Amino acid sequence: MAQIKEQRILDYVLQNAIKGNPQNIVDAIDKYCSEMEWAMNVGNEKGLILDKIVSETNPATVLELGTYCGYSGVRIAQLLKPGACFLTIEKNPVHAAIAKQMFEFAGVKEKIQILEGSSEEIIPKLKSKYKVNTFDFIFIDHWSDRYVPDTKLLEECGLLKKGSVLLADNVVYPGAPDFLQYVRNCVRYECTNYPSHLEYSDKEDALEKAVFKG
Ligand SMILES: Cc1ncccc1-c1cc(O)c2nc[nH]c(=O)c2c1
Ligand SMILES: [Mg+2]
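Residues numbered from 1 in each chain as written. Chains lettered and ligands numbered in written order. Predicted model: local features only at pLDDT ≥ 70, side-chain atom pairs only at ≥ 80, totals over all residues. Heavy atoms only, no water.

Colleague: Please provide a residue-by-residue account of the overall build of the protein, values included.
Modeller: From N to C terminus, the protein includes 10 helices and 7 strands. On C-alpha atoms alone, the protein measures out to a radius of gyration of 16 Å, which is about the 17 Å that the 2.2 N^0.38 rule sets for 214 residues. With respect to the principal axes defined by its C-alpha atoms, the protein has extents near 50 × 40 × 30 Å. By residue count, 54% of the 214 residues in the protein fall in the buried class. Counting only carbon and sulfur atoms, one obtains 53% of the accessible surface of the protein, whose full area is about 9700 Å². Of the side chains in the protein, 25 bear a positive and 30 a negative charge, and the two mean positions are spaced by 7 Å. (Helix = DSSP H or I, 4+ residues; strand = E, 2+ residues; numbered from the N terminus. Rg over C-alpha atoms; globule rule 2.2 N^0.38 Å. Buried < 20%, exposed > 50% of the residue type's maximum accessible area, 1.4 Å probe, protein only. Areas by Shrake-Rupley, 256 points an atom, 1.4 Å probe, with all protein chains shown as cover. Lys, Arg positive; Asp, Glu negative; His and termini not counted. Charge placed at Lys NZ, Arg CZ, Asp CG, Glu CD.)

Written out as structure tokens, the structure is:
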């Protein structure tokens, strides 16, 4: 038995999914986490909403806060047009190492760059160190206490442009009430709520989309 759950999820994928087939890898993670061990991947129900919003946005530049095992990274990467730039920030080095292997196995490692460290450290360096101008799409799925400070940091660092789409996971469970309050009361965002359920569970959850108006 591999020593941590995230390693067991990766091992299951490596042994049971089709290499280079992103959707099959996503399905394998969902199968393992619904049948064997719950894990905090965005999951298929919220994942289908994520897919739809990514496809509608058709982003050239993507930022993800919270890589975890790479589940949403694989989901998003398979929808991106050639040449798109996808950066994902992960604070936990063990999870980052798992996600790196997940992206390699899925055949998306050329599309995604994993940045190891905290969002508050990395976001201010994105323009200088990673040659980013602005992001078309941002998936916020790291830690609810950081949703508001990191959104403000993205604004202050000039990383948002008119039309940038922010999509936040878990706004109901575990919940991000201060984020909902902030974006829904700020004239610079146009918000839409997407009710759903917590991954691999019947608990209510939701995604919140906040479009930056510049
Ligand atoms: C871990 C957990 N336990 C019970 C209920 C929900 C969660 C949970 C679910 C998620 O989708 C998460 N996404 C990003 N970051 C999180 O911390 C997180 C936590
Ligand atoms: Mg989540």
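Colleague: So what's going on with the coordination of the magnesium ion (ligand 2)? Which residues, and what values?
Modeller: Reference values for coordination geometry: four tetrahedral donors around a metal ideally subtend 109.5 degrees, six octahedral donors ideally subtend 90 or 180 degrees. Donor atoms from the polypeptide that bind the magnesium ion (ligand 2) are Asp 141 (OD), Asp 169 (OD) and Asn 170 (OD1), placed at 2.0 to 2.3 Å. Sequence positions of the donors to the magnesium ion (ligand 2) reduce to the motif D-x27-D-N. Taken together, the residues span a long stretch of sequence, with Asp 141 in the loop between strand E4 (135-140) and helix H8 (144-156) and Asp 169 in the loop between strand E5 (160-168) and helix H9 (171-175) at a distance of 28 residues. A relative accessible area of 0% means that Asp 169 is categorised as buried. (Donors = N, O, S within 2.8 Å, 3.2 Å for Na, K, Ca; no water.)

Colleague: Please provide a residue-by-residue account of the environment of Ser 55, values included.
Modeller: Summarising the element assignment, Ser 55 is placed in helix H3 (residues 43-57). The sequence separation of Ser 55 and Met 36 amounts to 19 residues, and the corresponding C-alpha distance is 31 Å.

Colleague: Tell me about the site of ligand 1, and name the residues and values.
Modeller: Contacts to ligand 1 come from Trp 38, Met 40, Asp 141, His 142, Trp 143, Asp 169, Asn 170, Tyr 173, Pro 174, Leu 198 and Glu 199. Measuring from an oxygen atom of ligand 1, one finds a side-chain N or O atom of Asp 169 at 3.3 Å. Contact with the protein chains hides 76% of the accessible area of ligand 1, taken as 410 Å² for the molecule alone. Class assignment of the residues belonging to the shell around ligand 1 gives a composition of 6 nonpolar, 2 polar and 3 charged. (Near = heavy atom within 4 Å. Polar contact = N/O pair within 3.5 Å; in protein donor to acceptor, adjacent residues only side chain to side chain. Nonpolar A, V, L, I, M, F, W, Y, C, P; charged D, E, K, R; others polar.)

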